[in-house]
Amino acid sequence: MFDWIKRLAAVSALALVAACGGGDDDHPPGTLAQVATTGGFTALVAAADKAGLVPALSSSSSNLTVFAPTDAAFTSLATSLGFADAAAMVAALDGPTLASILQYHVLPTKQLAADLAAGGPTQDTLYTFDGAAATLALDTTSGVKITDEVLTQATVTTANVAASNGVIHVIDKVLVPPGVLNVVQMAQLNPAFSTLVGAVVSANLQGALADPAATLTVFAPTNDAFAAIASTVAGLNTTQLTTVLTYHVLGSQVLAAGIPFGTPVATLSGQDITINAGTPPTITDTTATPASIVATDVRASNGVIHVIDKVLIPAL
């Protein structure tokens, strides 16, 4: 499977220099696949090989933009998801899953850094979700920063790495697409939810929330929301903690556009919440202080996450 990698690794140092923009007409850059290989993007190349994307990255008819995560970025993703390292993650994930992740890193046309800035705040990728191209949110006010589906940012650390069939921009984080990872994994990948993830593990709810057959809605409190009631949470027993956490979960997927405002909604705790229209929308629990919904429609493979700024308190 890796014979092509061995062959590409034999490309001369001059080709690598050319691929990184230091070449001339006598030493034109290689293809995107060759540049990635000679540039030391080991995890990216292995993932592309397993995903069956090497032909597209090698094709002379392609003219693509690739956001290329470093090996360190792949290692960070792998360890956050519980894998020993990037190689173990690539080995464990199937080809279609890897293809979805990598296609989310590819724009269908060649765009240099200046083109990205001119292209507006969102860019279509080659990854299709819910019948449409999944988009990346770009901030080009100072360099290029990219926000992915888990609401975390990648930074372009090296732009405009030339290839014969496109361009590579090196990034410091693997971009996470919508609809590929489950709600637990999506929360694991955003540091703002580390307290929530720890509570889920303590209550032994990660299996239920990771169920691939489920279609859940999770109202996810941030770390700051948990910090505001830290002493209360610390005093809960496991049964009470489970009640609190399941009070944040609906048994079906409800996107922002479909929220039934003003109507009691049943949660998995057996108790209702009420979601109120507004800017932002709020959620009424058993206390006098509502929670605000500060971000919506973080799409997972088994549901959706809406971010809230307060822990919802049920009757205990």
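Each remark here, short or long, concerns the structure printed above.
About the criteria used
- Residues numbered from 1 in each chain as written.
- Predicted model: local features only at pLDDT ≥ 70, side-chain atom pairs only at ≥ 80, totals over all residues.
- Heavy atoms only, no water.
- Buried < 20%, exposed > 50% of the residue type's maximum accessible area, 1.4 Å probe, protein only.
- Helix = DSSP H or I, 4+ residues; strand = E, 2+ residues; numbered from the N terminus.
- Arc of directions from axis to C-beta.
- Contact = heavy atoms within 4.5 Å.
- Salt bridge = Lys/Arg side-chain N within 4 Å of Asp/Glu carboxyl O.

Draft legend 1. Focus on helix H6 (residues 71-80). Taken residue by residue, H6 has Ala73, Phe74, Leu77 and Ala78 as its buried positions. Taken down its axis, H6 places every buried residue within 135° of arc, on the same side. Buried residues belonging to H6 abut helix H4 (42-51), strand S1 (64-69), helix H7 (86-92) and helix H8 (95-103). Where H6 terminates, the next one or two residues include glycine 82, which has phi positive at roughly 95°.

Draft legend 2. Structural detail: the pattern of salt bridges. Throughout the structure, instances matching the rule amount to three salt bridges. Here arginine 299 makes a salt bridge to aspartate 130, at a shortest N to O gap of 3.0 Å. Taken together, the positions of arginine 299 in strand S13 (residues 291-300) and aspartate 130 in the loop between strand S3 (122-129) and strand S4 (132-139) put the pair 169 residues apart, joining distant regions of the chain. Overall, the relative accessible area of 57% leaves aspartate 130 in the exposed class. Between lysine 310 and aspartate 285 there is a salt bridge whose closest N-O contact spans 2.5 Å. Here lysine 310, found in the segment after strand S14 (303-308), pairs with aspartate 285, found in the loop between strand S12 (282-284) and S13; they are 25 residues apart in sequence, far enough to count as distant. When its relative accessible area of 15% is taken as the criterion, lysine 310 is described as buried.

Note that all results are geometric; they support no functional claim without further evidence.
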